[in-house]
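Descriptive structure summary
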Amino acid sequence: MRGVMKALTHTQIHDFNEKGYLLVEDALSPDDLNPLIAEFEEIVDTGASELYGEGELDSTFKTEGFDTRLAKITAQSPVVFQKLFSGAHTGPALFELLVNPKLLDIAESLVGPEIMCHPAYRVRPKLPEHARTLVPWHQDAGYMEPDCDSVLQLTIWIPLIDATIENGCLEVIPHAHREGVFRHRSVKARLYLDIPLDALPEAEPVIIPVKFGSVLLFTNLTPHRSIPNTSNQVRWSVDTRYQDASKPTGYQPEAGFLARSRLHPEDVITTPEAFKHIRDTHQPGPGPQRWAEEEIHNA
Ligand SMILES: O=C(O)CCC(=O)C(=O)O
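Residues numbered from 1 in each chain as written. Predicted model: local features only at pLDDT ≥ 70, side-chain atom pairs only at ≥ 80, totals over all residues. Heavy atoms only, no water.

Describing the nonpolar core
Counting 58 residues, the largest nonpolar core has Ile156, Leu160, Val215, Leu217, Trp236, Tyr242 and Phe257 as its most contacted members. Counting residues per element, this core draws most heavily on helix 2 (residues 30-53), which supplies 7 residues. One finds Tyr21, Ala163, Leu170 and Ile208 within the second-largest nonpolar core, a separate group that totals 11 residues. (Core = buried A, V, L, I, M, F, W, Y, C linked by side-chain atoms within 4.5 Å. Buried < 20%, exposed > 50% of the residue type's maximum accessible area, 1.4 Å probe, protein only. Helix = DSSP H or I, 4+ residues; strand = E, 2+ residues; numbered from the N terminus.)

A look at unusual backbone geometry
For aspartate 26, which is not glycine, the phi dihedral falls at a positive 55 degrees. Looking at where aspartate 26 falls in the secondary structure, it is placed in the loop between strand 1 (21-24) and helix 2. The phi angle at glutamate 129 is positive, at roughly 45 degrees, despite the residue not being glycine. Classification of glutamate 129 as exposed rests on a relative accessible area of 60%.

A closer look at the layout of surface pockets
A volume near 830 Å³ is recorded for the largest pocket. What lines the largest pocket is a set of 38 residues, among which Tyr143, Leu191, Tyr192, Leu193 and Tyr251 lie closest to the centre. Going through the elements one at a time, strand 3 (122-126), strand 4 (154-159), strand 6 (186-187), strand 9 (224-226) and strand 10 (235-244) are the ones with two or more residues in the lining of the largest pocket. Residues of the lining of the largest pocket, tallied by class, amount to 16 nonpolar, 10 polar and 12 charged. When its volume is computed, the second largest pocket comes out at roughly 280 Å³. Around the second largest pocket, the lining comprises 15 residues; the ones closest to its centre are Leu134, Val135, Pro136, Arg190 and Asp194. Residues that form the lining of the second largest pocket fall into these classes: 10 nonpolar, 1 polar and 4 charged. (1 Å grid on protein atoms, 1.4 Å probe; cavity = no way out; pocket = protein on both sides within 12 Å on 5 of 7 lines; lining within 4 Å. Points joined across faces, edges and corners; volume = space filled by probe spheres on them. Nonpolar A, V, L, I, M, F, W, Y, C, P; charged D, E, K, R; others polar.)

Concerning the site of the ligand
Neighbouring the ligand are 13 residues, the closest being His138, Asp140, Trp157, His224 and Arg235. With respect to the ligand, the side chain of histidine 138 contributes an N or O atom lying 3.2 Å from an oxygen atom. Between an oxygen atom of the ligand and a side-chain N or O atom of tryptophan 157, the distance comes to 2.9 Å. Relative to its unbound accessible surface of 290 Å², the ligand loses 99% to contact with the protein. Secondary-structure elements contributing two or more residues to the shell around the ligand are strand 9 and strand 10. Top contributing element to the shell around the ligand by residue count: strand 10, with 4 residues. Its residues placed into classes, the shell around the ligand shows 4 nonpolar, 4 polar and 5 charged. (Near = heavy atom within 4 Å. Polar contact = N/O pair within 3.5 Å; in protein donor to acceptor, adjacent residues only side chain to side chain. Areas by Shrake-Rupley, 256 points an atom, 1.4 Å probe, with all protein chains shown as cover.)

Remarks on the sheet that holds strand 5 (residues 170-172)
Ordered in space as 7-5-9, the 3 strands form an open sheet in which the pairing is antiparallel. Across the chains shown, the open sheet's two edge strands, defined by having one partner strand only, are strand 7 (206-208) and strand 9. Across this sheet, the average inter-strand angle for adjacent strands is 25 degrees, counted without regard to direction. Here strand 5 runs beside strand 9; their pairing, made up of 3 bridges, is antiparallel. Each residue of the ladder has a partner; that of leucine 170, found in strand 9, is serine 226. (Pairing = 2+ DSSP bridges. Axes fitted to C-alpha atoms, helices over the stretch in contact; angles between N-to-C directions.)

Some points on the environment of leucine 33
Mapped onto the secondary structure, leucine 33 falls in helix 2. Residue class for leucine 33 comes out buried when judged on its relative accessible area of 0%. Sequence-wise, leucine 33 and glycine 250 are 217 residues apart; in three dimensions their C-alpha atoms are separated by 29 Å. Not counting the four nearest positions on each side in its chain, leucine 33 is found in contact with Leu28, Leu97, Ile158, Pro159, Leu160, Phe212 and Gly213. (Contact = heavy atoms within 4.5 Å.)

Quick word on helix 2
Taking 1.5 Å per residue, 24 residues should reach 34 Å; helix 2 reaches 33 Å between its end C-alpha atoms and fits that length. What helix 2 keeps buried is the set Asp32, Leu33, Leu36, Ile37, Glu39, Phe40, Val44, Gly47, Ala48 and Leu51. Directly after helix 2, the chain includes glycine 55, whose backbone phi takes a positive value near 80 degrees. (Expected span 1.5 Å × (residues − 1).)

On their own, these measurements won't tell you what the molecule is for.
Next up, the structure:
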């Protein structure tokens, strides 16, 4: 049996525990990420051809690159964006990234050897000046049931192009992950929960550009947001969450799966087909109703 895998150094683990986030540079190689980019490019290409055929687009925008094409398409039709955004996509290359041993080794350093891939992974083609993909201040715990507030749910945030200040990388509040869950607002007609300014911790936020191949780690209690995308690029990223498999995930609408286990190796999901089956056949439970809905005018 192999020994305990520690992909992160003691200093990195200390830093993560102190600040509530950690940038891990060059954690992945182009070979780890390019298959997923190709998978997305194919969906974008097929979608563009179909929409063009149906007269919904005035071009297929074939000459645009991975970092601009979906923005051009979505300006005329939301259909392709909707196929890819959030947890809708269940393709094989996405599965291979979720269970990439380099990511699971990082996760193992922080959550231990029994690793659940949390149900709420997200694909985010963040478009220029686009409210649907502009995520305000929150802690991921705000979206989960309170029974997992004390469980470390590790987010690994993975850009598929360089994430920059211009194209809307993330901003985090350091050291605030030890202060529990802040008040979040749930406002009708708004897409995301947010921590109102008067409930935000005082510490100075830090904006964190992340290069292609690097990843950003943070906890479910780390306040973070994504800043506006003022570029003409699509800031593609995937965020995936890992936790101790014996603890509650606090999230029933979608299905997670066992990604690594020494205690129950027979239950580990090892094929893209099994992953897709789990996602497709899941009977969604109710979403957490943690915050009473507020009416807010002009806020
Ligand atoms: O990628 C983004 O823009 C937002 C990510 C985020 O809020 C998260 O991963 O919890």
